[in-house]
Amino acid sequence: MESAITEKRRMVDNIAISYTGIFDTEILSVLAKEIEGTLSPDDKVNKKVFKIFIELAQNIAFYSLERETNAEGNDTGVGTMIIRNYSDHYVFSTGNKTTMENIIPVMEKCDNINSMSREKLREYRRLQRNMPAGEKGGGNIGLIQVALTASNPLEYSLIKCPDGAYFYIVSVRIDKE
Amino acid sequence: MELEDIVIEGSHKNFFTPSVNFNAKTGICELSGESFLEDTQEFYKPLIDWLEEYTTKIKKPIAFLIKLTYFNTSTSRCILDLLNVLKDYEDDGGDVTVNWHYDENDSDMEEDIEDYMIDTGLNINIIPF
């Protein structure tokens, strides 16, 4: 019991940046500045986190089931982003509401990406890049790019919400060098 | 027939606009800075059209210089489109040079450039700075 509390405590203590709300461009730029400028003293690591942030934040903006209209009248996705800072790595997580039918292909894509070597992933990215962009985000390449940038597997989980929707969380570890 | 130069000053605001300098007289075309745009297609379509115009009507040598330090994945598709126009021109007998400058600490970027070479079949001079 004691250690479970300590463990949870540590998870909270390690939060470097967290945000929940609308993922419009205004917020994106505030969060991006925060990541680029202040997260780590190592520019290379900041850039990796930043690249991952852009792709995953855009996925929330485009695909989150929960939506709001921002000040400019644009319909934008709502979600959560958390960056945790540990001694030798960061963990970057995003979460958003979704439906089971929309998220199953995304989870399958994550499994597929995780099963590939770096060489295979680069090949897969080339293949996807040559396909016409089906939807506005080009979400297919985004996840591949996240895995390549982090050089670590994509971890995901799904939580059932009281309203019948699902909350999808994707996390990736970024090693400090 | 006159092809107008494209000059766009880059910015780093809510979105990141790359700097563009396409010169019809010298054939030197430069794309630099960072690319993360609200509407990527809308931004790159005129650049692709310009290159098509240059390579089918003006048909002089072209030196394409890329100095992007960051681009998101939707930009990556547009870069492929630009390079494919240059490859078509080269296959057509056009004189094409592509120089891609990148930060030598950015090994991801180096991989990216190598993958573009495989994809397009273009010879890209990879130049670390």
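About the criteria used
Residues numbered from 1 in each chain as written. Chains lettered and ligands numbered in written order. Predicted model: local features only at pLDDT ≥ 70, side-chain atom pairs only at ≥ 80, totals over all residues. Heavy atoms only, no water. Buried < 20%, exposed > 50% of the residue type's maximum accessible area, 1.4 Å probe, protein only. Helix = DSSP H or I, 4+ residues; strand = E, 2+ residues; numbered from the N terminus. Right-handed = clockwise from strand over helix to strand, strands pointing away. Pairing = 2+ DSSP bridges. Axes fitted to C-alpha atoms, helices over the stretch in contact; angles between N-to-C directions. Contact = heavy atoms within 4.5 Å. Buried area = accessible area lost by both parts, 1.4 Å probe. Salt bridge = Lys/Arg side-chain N within 4 Å of Asp/Glu carboxyl O. Polar contact = N/O pair within 3.5 Å; in protein donor to acceptor, adjacent residues only side chain to side chain. Nonpolar A, V, L, I, M, F, W, Y, C, P; charged D, E, K, R; others polar.

Participant: Mind laying out the pairing of strand 6 (residues 62-71) of chain B, listing which residues take part and the relevant values?
Facilitator: Residue and element names in this part refer to chain B. For strand 6, the tally of buried residues reaches seven of ten residues, placing the bulk of the element in the interior. In the classification by handedness, the crossover that spans strand 5 (residues 28-35), the intervening helix 1 (residues 40-58) and the parallel strand 6 is right-handed. Strand direction decides the pairing type here: strand 6 and strand 7 (residues 96-102), joined by five bridges, are parallel. Looking at strand 7, one finds that isoleucine 66 is bridged to tryptophan 100. Of the crossover connections in this fold, the one passing from strand 6 over helix 2 (residues 73-91) to the parallel strand 7 is right-handed.

Participant: Give me the lowdown on the sheet that holds strand 1 (residues 6-8) of chain B, citing residues and values where you can.
Facilitator: Strand-to-strand pairing in sheets goes through backbone hydrogen bonds, with the strands running parallel or antiparallel. Residue and element names in this part refer to chain B. On the basis of which strands lie adjacent, the open sheet formed by six strands has the order 1-4-5-6-7-8 and mixed pairing. Each having just a single partner strand, strand 1 and strand 8 (124-128) make up the two edges of the open sheet. The sheet shows a mean angle of 15° between the axes of neighbouring strands, direction not considered. Sheet topology places strand 7 next to strand 8; five bridges connect them, and they run parallel. Across the sheet, residue tyrosine 102 finds its bridge partner in strand 8, namely proline 128.

Participant: Residue-level account of the interface of chain A and chain B, with values.
Facilitator: Often the size quoted for an interface is simply the accessible area lost on bringing the parts together. The interface of chain A with chain B comprises 28 residues on the first partner and 24 residues on the second. Of the roughly 2,500 Å² buried at the junction of chain A and chain B (both faces included), carbon and sulfur atoms supply 42%. At the junction of chain A and chain B, the tally comes to twelve salt bridges. Ionic pairing is found between B:Glu111 and A:Arg118, a salt bridge with its closest N-O pair at 2.8 Å. For the interface between chain A and chain B, the tally reads 17 residue pairs in polar contact (both at pLDDT 80 or more). Breaking the side of chain A that touches chain B down by element, the ones donating at least two residues are helix 2 (25-38), helix 3 (43-63), helix 5 (118-129) and helix 6 (139-150) of chain A. Here the element with the most residues in the side of chain A that touches chain B is helix 3 of chain A; it accounts for eight residues. Each residue belonging to the side of chain A that touches chain B can be placed in one class, and the counts come to seven nonpolar, nine polar and twelve charged.

Participant: Break down the pattern of salt bridges for me, with residues and values.
Facilitator: Should the charged atoms of two oppositely charged side chains come close, the side chains can pair. On inspection of all chains with the given rule, the structure shows 23 salt bridges over all chains. As a salt-bridge pair, B:Glu111 and A:Arg122 come within 3.6 Å of each other at their nearest N and O atoms. Placement of the pair is B:Glu111 in helix 3 (residues 107-120) and A:Arg122 in helix 5, with the two residues belonging to separate chains. Of the two residues, B:Glu111 and A:Arg122, neither departs from the other in class, the shared state being buried. Salt-bridge contacts for A:Arg173 lead to A:Asp175; the nearest nitrogen and oxygen are separated by 2.7 Å.

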